[in-house]
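Secondary and tertiary structure notes
Letter by letter, the chains look like this.
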Amino acid sequence: MHLAGWLTAATFATRAIAQSSPSSPYGTFPQANDAFRFQPCPNTGPFQTLPALNDTRAEQTWAALFNPDPNGWLWGTPKANVTTGIYLCGYLDVPLDYTNKSDSRIVRLAVLKYQVSGLALSGSSNSTAGKKSARTILMNPGGPGGPGVALGAFSAEASTSRLSSGKFDFMTWDPRGVGISLPRPHCLPSEATRDRWSFTTSQELATLESPQSNSLGVTDAYNEAIWRTCFERLGDIGRFFGTAFVVRDLEQIRIALGEDDISGHFVSYGTDIAQTYAAMFPSRVGRMVLDAPTYTPDHRRRAGFGTASLDNVTHSYIDGILGDCVKAGPDYCALAKPVPGGGPVTLSSLKSRMESLLASLAERPFPLYRPNYGPVLVTYSSALDLLQRGVYYPAFWADIASIFADLESGKSPSASQLSLLEANRWVCPSASCASSTSSPAGTPDELMPFVVCADAYDAPEPNDMAWWRSLWVNMTATSFITGDTRFYGAFRCRHFTKFWPQPAEVFRGNLSQPLKNTLLIVAATYDPATPLRNGRRLAAELGRDNARLVVHHGYGHGMDNHPNKCTDAIVKAYVLNGDIPQQDETDCFSEGNPYVTTTLLPAPPPARPRTSCPSRAWSKRWRLFVPVPPALRGPRHSCDG
């Protein structure tokens, strides 16, 4: 069945279900003719499951989740003389394979919307309540593997306020293979088996004596084994997770919204989606903000996803975490306090002290005891995880500096500071860790390689071990913090085409055709994942008629992590009114030293669905293993975009 006809059939099914749904003061949900099948989200957060793909009564299953009591719904913040907004949860079915109309398989995309006008009471004469806004701000948080629904459930209201003064609805989705969207690329049957596999690989790598001679060979074998497991469990669906199909899903979202073009806030890898969308559907480009931009052609190269910004990581660490610590002084940064016999703290002396501390952790981890966790080891690997978190998120700098200062002096960090390390602890995935049948949760760990490897499946670079070994040397020399992590993330692609020789679709066109509207690019000078040169290359290829660039002078990944009023004002004027800067490049400077202007973060809230990078959400479970030197650490997360 053609997509248009299939959507019509779904609409009729939704109408029939709505007529039999329980009633509320606001009517019944899902409402007739709603392609997204929206119903109010429960006030405990978004729905955690969608109807199974093999559910022949999916519409009825979904409608049965509706709670007619408005007290159980997730509303926005009440404001004087303003209708209270409402969070709506739904889903949209799209083809699994856009290149084969005879393939009836589908993808079920989880969707969340914050509707600023709230809902209209049944029989009300209010002409605006319950109406969609003139535009919808779509958001993708990046990854690949960042779930939009979990993030949107606690950020959508604030985001539309910041981007449009609360005028426009805000909507996000879990892309195919992400979060609660279906199908999910689960290569392992449960969280327990996934953790066991990760522990096994790390233990094996930790016993190797000569990383130059055999660590890559061992990792290579592990990578082939996990790809084979993916293939045996998933079959051909590994061909359908690439960026081009995510873009086609986005176009179906636009059609279902009934809007003429796409407007939104796309972050990090989300800008890959936005760039590709603009190239594939140039006449449908609305007001699209590309924040922390990638440069899509980079990701057509082997390991291109991991090599783009390694130098920026080093600069962010030295100039930012260490340099701004010295500038802030001991009142704000614990590492700026002189050590006994050390004299005044300078950038050079602090850099040497950190090198010594990290070397000591590589030699022998720091043992701790925490009442809630028992024995804890601060390893070299976990120390690098903290530094990686720091270059992404300046709000953590003061906490991280305090942790390292305590470790340097031989003291146990305080309970509040150790919350950052406790977030790295392994957590039992179910009531019984011995269970091998617990339902697997949605993880970006498994999706990311499918996207990254598919987008570079035909990369021109060599694929032999000598080339990969040379790449490892170069990447770890450029960045001791993330070079190893990003290398191993890229290295997994070596065997992708052995099982999926060709993805169903990749985009290989240029980015320079005329667009309906001008894109706004925001690139930060010290972004550790998407450097400023990405924004400049992208703006140059798009051309002046298609793009303007805001140079965001600040630290962290994306404009939100070291904000300034200048960038915020330009972005809001663009999203709200379509205003674009007159200059090709506009400089905006973040206010203040992050050690001074940011406050210490509270303890993590209850766990939310896992995401791809350190603090997209608090719930990410980083694993703390036995100490493993840089050359021997196994695959960990690549947070390159």
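Let us look at the structure shown here. (Residues numbered from 1 in each chain as written. Predicted model: local features only at pLDDT ≥ 70, side-chain atom pairs only at ≥ 80, totals over all residues. Heavy atoms only, no water.)

In this structure the tally under the stated criterion is 26 salt bridges. Of the charged contacts, one joins Lys411 and Asp406 as a salt bridge, the two residues approaching to 3.8 Å between their closest N and O atoms. Overlapping salt bridges bring together Asp103, Arg105 and Asp236 as one network. (Salt bridge = Lys/Arg side-chain N within 4 Å of Asp/Glu carboxyl O.)

Relative to the elements of secondary structure, Gly27 occurs in the loop between α1 (3-20) and β1 (39-40). Between the C-alpha atom of Gly27 and that of Leu121, which follows or precedes it by 94 residues, the distance is 7.4 Å. In this view, Gly27 contacts Pro22, Phe66 and Ser122; residues no more than four positions away in its chain are not counted. (Helix = DSSP H or I, 4+ residues; strand = E, 2+ residues; numbered from the N terminus. Contact = heavy atoms within 4.5 Å.)

A word on the sheet that holds strand β11 (residues 547-555). An order of β1-β2-β3-β5-β4-β6-β7-β10-β11-β12 is seen for the 10 strands of this open sheet, with the pairing classed as mixed. Each edge of the sheet is formed by a strand with only one pairing partner; in this case those strands are β1 and β12 (585-589). Sheet topology places strand β10 (residues 519-526) next to β11; 7 bridges connect them, and they run parallel. Counted as the bridge partner of Ile521 is Leu549 from β11. Sitting on the sheet, helix α3 (residues 148-164) is in contact with β2 (86-95), β3 (106-115), β4 (136-140), β5 (169-173) and β6 (262-267), with an inclination near 150° to β5. (Pairing = 2+ DSSP bridges. Axes fitted to C-alpha atoms, helices over the stretch in contact; angles between N-to-C directions.)

With that settled, the discussion passes to the packing of helix α15 (residues 465-478) against helix α16 (residues 483-491). Look at α15 against α16: their axes get within 8 Å of each other, and the N-to-C directions meet at 155°. By the angle class used here, α15 and α16 are roughly antiparallel. Crossing geometry of α15 relative to α16 is assigned as right-handed. Facing Met465, Trp468, Leu471, Trp472, Met475 and Thr476 of α15, the residues of α16 in contact are Gly483, Asp484, Arg486, Phe487, Ala490 and Phe491. Its residues assigned to classes, the contact of α15 with α16 shows 8 nonpolar, 2 polar and 2 charged. (Parallel < 35°, antiparallel > 145°, perpendicular 65-115°, else oblique. Left-handed = near helix turned anticlockwise from the far one by under 90°. Nonpolar A, V, L, I, M, F, W, Y, C, P; charged D, E, K, R; others polar.)

Enumeration according to the criterion identifies 35 aromatic pairs in this entry. Ring centres of Phe231 and Trp500 lie 5.8 Å apart, and the angle between their planes is 70°; this geometry places the pair in the edge-to-face category. On the criterion of sequence distance, the pair formed by Phe231 in helix α5 (residues 211-234) and Trp500 in the loop between α17 (496-499) and β10 is long-range, its members being 269 residues apart. A relative accessible area of 31% places Phe231 in the partly exposed class. (Phe/Tyr/Trp six-rings, centres within 6.5 Å; stacked < 30°, edge-to-face > 60°. Buried < 20%, exposed > 50% of the residue type's maximum accessible area, 1.4 Å probe, protein only.)

Turning next to unusual backbone geometry. For the bond running from Gly143 to Pro144, omega is -5°, close enough to zero to count as cis. On the secondary structure map, Pro144 appears in the loop between β4 and α3. For the bond running from Leu182 to Pro183, omega is 0°, close enough to zero to count as cis. Looking at the secondary structure, you find Pro183 in the loop between β5 and α4 (191-206). One non-glycine residue with positive phi stands out, namely Arg37, at about 55°. One can find Arg37 in the loop between α1 and β1. A relative accessible area of 2% means that Arg37 is categorised as buried. We note that Ser165 has phi near 55°; this positive angle belongs to a residue other than glycine. Mapped onto the secondary structure, Ser165 falls in the loop between α3 and β5.

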